[in-house]
Amino acid sequence: MKKWTITGVDVLTPETHQKKRHVDIQDDRIKSVGKGDGTAQILLNIEDGILAPGLVNSHDHLLGNYYPKVGNGPYENWLPWDNDLKSAPVYQERQQIENRDLYLLGAYRNLVSGVTTVSDHMPHFVAEPFYDILPVKAIREYALVHSVASFALAWGEGISAEYAKAKEQGIPFVTHCSEGFDAETKRDIVTLDRQGGLGDHSVLVHGLAFSESDIDLIKERGASVVWCGDSNYFMYSKTTNVKYLRKKGVNLCIGTDSPMSGGLNILHEMKFDKALYKKLFGEELPDDEIVRMVTANPAKAFWMKNHGQVKEGFHADLTVFRNKGGSAASSVVSAGLKDVMLVVIDGLPVYGEAEFAPVFAALGVKYQQVVLDGAQKIIIGDLVGLLKRISRAVGFKKKFPFLPVEFEV
Ligand SMILES: [Zn+2]
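Computed from a predicted model, the values in this text were never measured in an experiment.

What counts, and at which threshold
- Residues numbered from 1 in each chain as written.
- Predicted model: local features only at pLDDT ≥ 70, side-chain atom pairs only at ≥ 80, totals over all residues.
- Domains from an automatic or database assignment.
- Helix = DSSP H or I, 4+ residues; strand = E, 2+ residues; numbered from the N terminus.
- Nonpolar A, V, L, I, M, F, W, Y, C, P; charged D, E, K, R; others polar.
- Buried ≥ 20, exposed ≤ 12 C-beta atoms within 10 Å, placed from the backbone.
- Contact = placed C-beta atoms within 7 Å.
- Pairing = 2+ DSSP bridges.
- Axes fitted to C-alpha atoms, helices over the stretch in contact; angles between N-to-C directions.
- Expected span 1.5 Å × (residues − 1).
- Arc of directions from axis to C-beta.

Caption draft 1: Local environment of the domain arrangement of the protein. What the domain assignment reports for the protein is domain 1 (1–53 + 309–343) and domain 2 (55–301). Once you take the C-alpha centre of each, domain 1 and domain 2 turn out to be 28 Å apart. Looking at the side of domain 1 that touches domain 2, the elements with two or more residues in it are β5 (49–53), β14 (318–322), α13 (328–333) and β15 (340–345). With four residues, the single largest contributor to the side of domain 1 that touches domain 2 is α13. Of the residues belonging to the side of domain 1 that touches domain 2, the class tally is twelve nonpolar, five polar and one charged.

The following block contains the structure:
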């Protein structure tokens, strides 16, 4: 039985901001949030931290995590972008790397940005062999199709069968949706609904072509939407109608997409989306709402029971951010890589400040010291070894701005 306590920390649940709390962790759960029961032997004091639910990246393709971005938009839909990607020299470079290492790269990119769970849009037979070795959690229980239109990749067993599976098993049904402006893609919501694929298990990624009547129907059916602002803007110079989605109260989540079309990481994405919202609609997107889009909202969208909140009995997937003053949510949204002080997954610390090393050791976590973006950090597994293997595979020292770690080839 592993039992330990984070003390002196401000807690963003995310519905409330509670000051100077003890968060007791036992096994993979939050045992209590309050004054502490005084029985923990292992204590970690983080008085300058904001403890939030571990962030959820609601859309990524871990196997496609590489750099830099490729493309020359605006495109009509994803297909010509995919053709440009696959004919790019950097794609050939990526092909030199083992799939296992690409998965690890994608997982570490997420971890250092405070993500504890990622939705990896990939067929089960491709992804499943890698999930057990990753330093973050990938959502393992999902039904999916690649996208709705007839030119979709042949993932899954089709919309009707996959949605039926999602409903029966209490899991999400994930699909790219309305990602583009050709005549067929613009009808995605109608097509999805006709085939029985639009309901409260549906997680619709992108939604660029959503009309107001599409959004009315999405709300009526109780589906969730994932917004990937940076990827959308890069590929299409447009994004979904976030203002109307908010007005209707649709459950909204944020995802990065892969860094070959989207933003560097979830920290970048939150800031990008906030700025984009202001540019497009002339008003502020509140920080507390953005925090819900990466915590409680995805927990609902992906049917992750007892996740996405800092609450007794919930999963101890937690991220501590440096407290910059102002609102607790603003410390999360404005955080850079250096401000991610601690990441806890399933009750164990997996990434954090170098000074926390005694607590990692006391809990039996095998960690490595790294210098990330100039800051001393410790991280589970062998990140430096991974970066060395990737550099060897491509034949030169490959650097990733989303993993600015010092290493020698
Ligand atoms: Zn995608």
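Caption draft 2: Highlighting the environment of S237. If you trace the backbone, S237 turns up in the loop between α8 (229–236) and α9 (242–248). Take S237: there are 10 C-beta atoms within 10 Å of it, and that puts it in the exposed class. Along the sequence, S237 and Y367 sit 130 residues apart, while their C-alpha atoms lie 41 Å from each other. Dropping the residues within four chain positions of it, S237 is found in contact with G73 and P74.

Caption draft 3: Molecular detail of the sheet that holds strand β13 (residues 251–254). Pairing in this open sheet of five strands is parallel, and the strands run β9-β10-β11-β12-β13 from one edge to the other. Looking along the sheet, the strands with just one partner apiece sit at the ends: β9 (143–147) and β13. The sheet shows a mean angle of 25° between the axes of neighbouring strands, direction not considered. Judged from the five bridges that link them, strand β10 (residues 173–177) and strand β11 (residues 202–206) form a sheet pairing that is parallel.

Caption draft 4: Molecular detail of helix α15 (residues 383–394). Helix length check: α15 (twelve residues) gives 17 Å between terminal C-alpha atoms against 16 Å at 1.5 Å per residue, within 8%. Turning to α15, its buried residues are L383, L387 and I390. All buried residues of α15 fall inside an arc of 60° around its axis, so they share one side. Looking at the packing, one finds that the buried side of α15 touches α3 (99–111), β17 (367–372) and β18 (375–380). Positive phi appears at G395, one or two residues downstream of α15, with a value of about 90°.

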